[in-house]
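# Chain and residue survey
Below, each chain spelled out in residue letters.
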Amino acid sequence: MIRSIVCAALLTASIPALAIDRYEPGSANDPHVRAAEFLMGDQRYFSASTELLQLLGEKPDRQLSKVYFRRLADATLNFGVEQRASTIYRELVPEPNTALSLARARIHLAEFNYQRGKLAEAIAELEAMKPQLPKQAALEWQDLLGRALLGQGRYKEAAAVLAELKDAGLQRAFTRYNYGVALIKDGRVTQGLTVLDKVGQIDADDPDELAVRDKANLALGYYFLRNQQGGSAIGVLQRVRSDGPLSNRALLGLGWAYLAPGGKSQKKSGDDESGISKSLSTIGVLLRPGFLGDDVYKRAGLQSFRLTKASADEEAALKRALVPWVELATRDTIDPAVQEVLLAIPFTLDKLGAHLQSEAFYQRAIDALTAARKSLDLSAAYVRSGRMISTMVRRTQNVESGWDWELKDLPDAQETYYLQRLIAENRFQEPLKNYRDALLLKRNLEAWKDRMADAQAGWLARKGPSVSTEQLLSLQISKQKEAPKVITPGVPPAPVSLRLSETLSAADFATVSATPPLIDSPIILLAAQAPPSAAYNGVYERMNVLKGRIDELLPRVDTTAKAQGKLIEKLALDDLADQRRYTEKYLIEARFAMARVYDRQLKGVSP
């Protein structure tokens, strides 16, 4: 037994010292770095940043590993502080095993600036990294640079960038859509329309690509409508999904396409209805014969009638236009497309001689638009009350995801119902993120201040009551008068503070406050005239310093939160005001139209 123990000890002693893990601050195995990586994986970027910043402490110029600074840049950027991240990314030298991840991090930084409207900064970052751009990140780089150049109105340069990569099959649908737009804006209309037409026929299952496909078809359809090419517009607009973010405008345009010159449906080369319609409902499927019943007038709430001043072709065109319009008229009346169709139906009926049906539809439009205006006013009142912002951030108020946070779960509330389009835009999302992060910082600071106050209160409770220096000196002098003075040979007398701490007993705390200070005592005067010693910097004192810094930061954070909140409210109120102006415009048009109908009836004059 003893022999086995000795052998084990000798074997352990023979292990080389290099095999022992040694702690290196900021290395990949540093506990702070590992903890930060875990927190970042959980999207707790603020906690990850503070965890990493502890290593710097009071030495901001401390030399640490590249791994540390890369993690610090990623954490701070994802929380929304791009200045430190930008400096670190530019100073890091790409290595073979980190070049791709570093390039994507810099693209991430450029995307951060792009979403905040800093287009020049985004373009500068992307152009600076081009010489060292890995091939695997080329498509992401190309897409973002193209968007930034389009945002600055530099269409020719954007088209050149988006056409630079020859393998367009790997490009995202949105990138090819932007390429088509850049070509059209640059004057190369035929090329641009061809690109958009191809994007409008992609076979996609991804929600984002489906949305881009709808967007391309809608752009094409309205281009043909503006150029009096109704037949070409019909086939393109029928590709749009019947239930999607762009379906309302597509239904509106399709009705006008049937009434426009050349309103015969034309099948474009490459159209494959079975390919794009087999897995989802498009407007083309919606308009198949029999889908809405045999009588479209019944569907519209109209009595069957014969147009007195219309030819058979005109009546057939009206019936075709009514199919998408009647479907659209049943949707949300806040949408401008729905409001327009509420007037388009009676306007068309009136032009074709169906005056009674036109009057009924005008009255329906007036009632719907009046109700919509009332709802918009109510929503604006809720926004002014401050309830809108709290409703939006209430469910995720403690999430630290920072820049990655998105408002995806919109509460079904009066104050948010009419702002869905605005909420999806970067100009609204960014101040909302800033507002939410400012509240998070404010709660964090207040929580730490309360914790430190509790810790200090507990520390004082354990140490006993506070006693002033004058009271301690007074009590010590009175004790010295009562007891004989004994001086040990060869030992110098202790300082006043040391003698006090040695001779003051716990029982003296009860009587010290009752002992008057000896103002005229030479010892007191000497103590008052002595230069102050260096301040003791213990835990209690450091907490006081931190509390002072918190007191300084809290008003600044609160001011930032209020400023962002006011900006959000202004954006919301401006958007609601725009919607109200459109609603008021259509309401006035409907009332004037009704007045014209009544005027003709009084005069007995036909239109």
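Residues numbered from 1 in each chain as written. Predicted model: local features only at pLDDT ≥ 70, side-chain atom pairs only at ≥ 80, totals over all residues. Heavy atoms only, no water.

This brings us to the overall build of the chain. Helix and strand counts for the chain come out as 29 helices and zero strands. Among the 607 residues that make up the chain, the fraction classed as buried is 41%. Across the chain, contacts joining residues at least 24 apart in sequence account for 68% of those joining residues at least 6 apart. Carbon and sulfur atoms form 55% of the exposed surface of the chain, whose accessible area is close to 34,500 Å². (Helix = DSSP H or I, 4+ residues; strand = E, 2+ residues; numbered from the N terminus. Buried < 20%, exposed > 50% of the residue type's maximum accessible area, 1.4 Å probe, protein only. Contact = heavy atoms within 4.5 Å. Areas by Shrake-Rupley, 256 points an atom, 1.4 Å probe, with all protein chains shown as cover.)

Moving on: the packing of aromatic side chains. The description of an aromatic ring pair uses the distance of the two centres, along with the angle that the planes make with each other. Enumeration according to the criterion identifies five aromatic pairs in this entry. Judged by centre distance (5.8 Å) and plane angle (70°), the ring pair of Y223 and F224 falls under edge-to-face. Geometry around F112 places R116 over its ring, the cationic atom sitting 3.5 Å from the centre. The ring of Y222 has R249 sitting right over it, with the charged end atom 5.2 Å from the ring centre. (Phe/Tyr/Trp six-rings, centres within 6.5 Å; stacked < 30°, edge-to-face > 60°. Lys NZ or Arg CZ within 6 Å of the ring centre and 35° of its normal.)

So, about the nonpolar core. Among the nonpolar cores identified, the biggest contains 43 residues, and L252, W325, L328 and I345 are the most heavily contacted of them. Looking at this core, the element that brings in the most residues is helix α12 (residues 207–226), giving eight residues. If we skip the residues at most four places from it in the chain, L252 touches Y222, W325, L328, A337, E340 and V341. In terms of nonpolar packing, the next biggest core, distinct from the first, is built from 28 residues, M388, I423, M543 and V557 among them. (Core = buried A, V, L, I, M, F, W, Y, C linked by side-chain atoms within 4.5 Å.)

The next point concerns the confidence of the model for the chain. Summing up the model confidence of the chain, the mean pLDDT is 75 and the portion of residues at 70 or higher is 70%. Under a pLDDT of 50 for its full length, residues 8–19 has, in the predicted model, zero contacts with residues more than four places off or in other chains. Here residues 288–297 scores under 50 on pLDDT; set against residues more than four positions off or in separate chains, the count is 16 contacts. (pLDDT = per-residue confidence, 0-100.)

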